[in-house]
Amino acid sequence: MSKFLTIGEPIALFGSDEEDKSLVAAQKFTKYLAGAEVNVAVGVSRLGHSTQYVTRLGEDPFGEFIENELIKNDIGTSYIEKTNDFWTAYQLKNRVTKGDPDIYYFRKGSAAANFNEQILKSIDWTDIELVHLSGIFPAISQKSLSSFNKLIEMINRNQITSTFDPNLRPQLWESETEMRDTLNNIAKQADIILPGINEAEILVGSNNPETIADFYLKQSDKTSTVIVKLGAAGAYIKQKGETVGTTIRGRHVENVVDTVGAGDGFAVGVITGLLEGIDIKSAVQRGNIIGALAVQSSGDNDGYPYRAQLDTIEREYEP
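Residues numbered from 1 in each chain as written. Predicted model: local features only at pLDDT ≥ 70, side-chain atom pairs only at ≥ 80, totals over all residues. Heavy atoms only, no water.

Within an unreviewed UniProt entry, the label attached to the protein chain reads Sugar kinase, and the organism entered is Staphylococcus gallinarum. If you open the UniProt record of the protein chain and go to Sequence similarities (unreviewed entry), you find "Belongs to the carbohydrate kinase PfkB family." (UniProt positions renumbered as here; feature names shortened; annotations may be inferred.)

Laid out in structure tokens, this is it:
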């Protein structure tokens, strides 16, 4: 069975049940498991791939909730450390009928922000085939950034394929310049880059998919593939050596409930496609399908499919 690993900060999310009410006015909330990297882990695990998640949790109710949810989703917890010294992060999110929801984080000084680098030394790399990296974990603290860079060294030393989603969170960085420079330097060390087209306007200074792809392909010998997420329009793929890339159109959605988690769902499709050895265009098509499913549910990862559901959709879907 394929093995997958990711590192991040899982969060207890309180999502409003009341449409179009501000976080100040909302009274009723439902608790979910959230966090970009954990979303990907949930999706990969649901499609039958052995999955490990690396993080640090507080010894508190939120930490216990997250650990229980990870176990419920068959996500390995071998590389999770718990501590009494720091608390587990949480966040609030309102529910909107149009546009993106408001999100408010409570994560500064959290257990993950005080990540213990010694956890990395316990990782067994023997059967790991792919590691997914996100730009969020290195943003939450200097400790997490240092540990993240150490993990990248270990990934490359063990010659393991890596995917990198910049996942911009400007509120977590000191400045836009620091964010841009740090994330672009991280991208140099990854095999496959998954930037969103709006993110790339900040990171690259362009919203042209080919310009974006060329930037990342040319800045590093390591990077072999760039997949630019185009939202509802789908995704643009370009691989090293290609003169022109390919656009894989998106899947139409009638009723968008919540856009959060769509990009992570897209990553799930690409990653599981790679683990299963399907061609890159089919993997991106799967990413578009899972991203479309994600926006039709309230939770960050509630809409991600299980294997039987995905198999049915893939048989019926014509790009």
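On we go from here.
Caption draft 1: The arrangement of the nonpolar core in detail. By size, the foremost hydrophobic cluster in this structure holds 47 residues, and its most contacted members are Val54, Ile123 and Trp125. Listing elements by their share of this core, those giving two or more residues are β1 (3-7), β9 (128-134), α3 (142-157), α4 (176-187), α5 (197-203), α6 (209-218) and β12 (225-229). Considering each element in turn, this core owes the most residues, five residues, to α3. Beyond its immediate sequence surroundings of up to four residues, Trp125 is in contact with Val131, Leu151, Met154, Ile155, Asn158 and Ile160. Listed in part, the 26 residues of the second largest apolar core include Val268, Ile271, Ile290 and Ile313. (Core = buried A, V, L, I, M, F, W, Y, C linked by side-chain atoms within 4.5 Å. Buried < 20%, exposed > 50% of the residue type's maximum accessible area, 1.4 Å probe, protein only. Helix = DSSP H or I, 4+ residues; strand = E, 2+ residues; numbered from the N terminus. Contact = heavy atoms within 4.5 Å.)

Caption draft 2: Spatial organisation of the pairing of strand β7 (residues 90-95). Bridge count between strand β2 (residues 11-19) and β7: five bridges; the pairing is parallel. Bridge assignment links Leu13 to a residue of β7, and that residue is Gln91. Sheet topology places β7 next to strand β8 (residues 103-106); four bridges connect them, and they run antiparallel. Residue Tyr90 lies in a different strand from β8, and its bridge partner there is Phe106. (Pairing = 2+ DSSP bridges.)

Caption draft 3: Representation of the sheet that holds β2. Pairing is mixed in the open sheet, where four strands are placed in the order β3-β2-β7-β8. A strand with exactly one partner marks an edge of an open sheet, and here the two such strands are β3 (29-34) and β8. When the angles between neighbouring strand axes are averaged without regard to direction, this sheet yields 25°. Helix-sheet contacts for helix α2 (residues 61-72) involve β2, β3 and β7, and the interaxial angle to β3 is about 65°. (Axes fitted to C-alpha atoms, helices over the stretch in contact; angles between N-to-C directions.)

Caption draft 4: Highlighting α6. Looking at α6, one finds that the buried residues are Pro209, Ile212, Ala213, Asp214, Tyr216 and Leu217. Along its buried surface, α6 packs onto α4, β11 (192-193), α5, β12 and β13 (234-239).

Caption draft 5: Quick look at the packing of aromatic side chains. As enumerated under the stated definition, the model contains seven aromatic pairs in all. Positioned above the aromatic ring of Phe65, the side-chain terminus of Lys31 is 4.4 Å from the ring centre. Against the face of Tyr105 rests Arg107, its NZ or CZ located 4.7 Å from the ring centre. (Phe/Tyr/Trp six-rings, centres within 6.5 Å; stacked < 30°, edge-to-face > 60°. Lys NZ or Arg CZ within 6 Å of the ring centre and 35° of its normal.)

Caption draft 6: Spotlight on the layout of surface pockets. The computed volume of the second largest pocket comes to approximately 340 Å³. Lining the second largest pocket are 14 residues; nearest its centre among them are Ala139, Ile140, Ser141, Leu172 and Glu174. Of the residues assigned to the lining of the second largest pocket, the class counts are seven nonpolar, three polar and four charged. (1 Å grid on protein atoms, 1.4 Å probe; cavity = no way out; pocket = protein on both sides within 12 Å on 5 of 7 lines; lining within 4 Å. Points joined across faces, edges and corners; volume = space filled by probe spheres on them. Nonpolar A, V, L, I, M, F, W, Y, C, P; charged D, E, K, R; others polar.)

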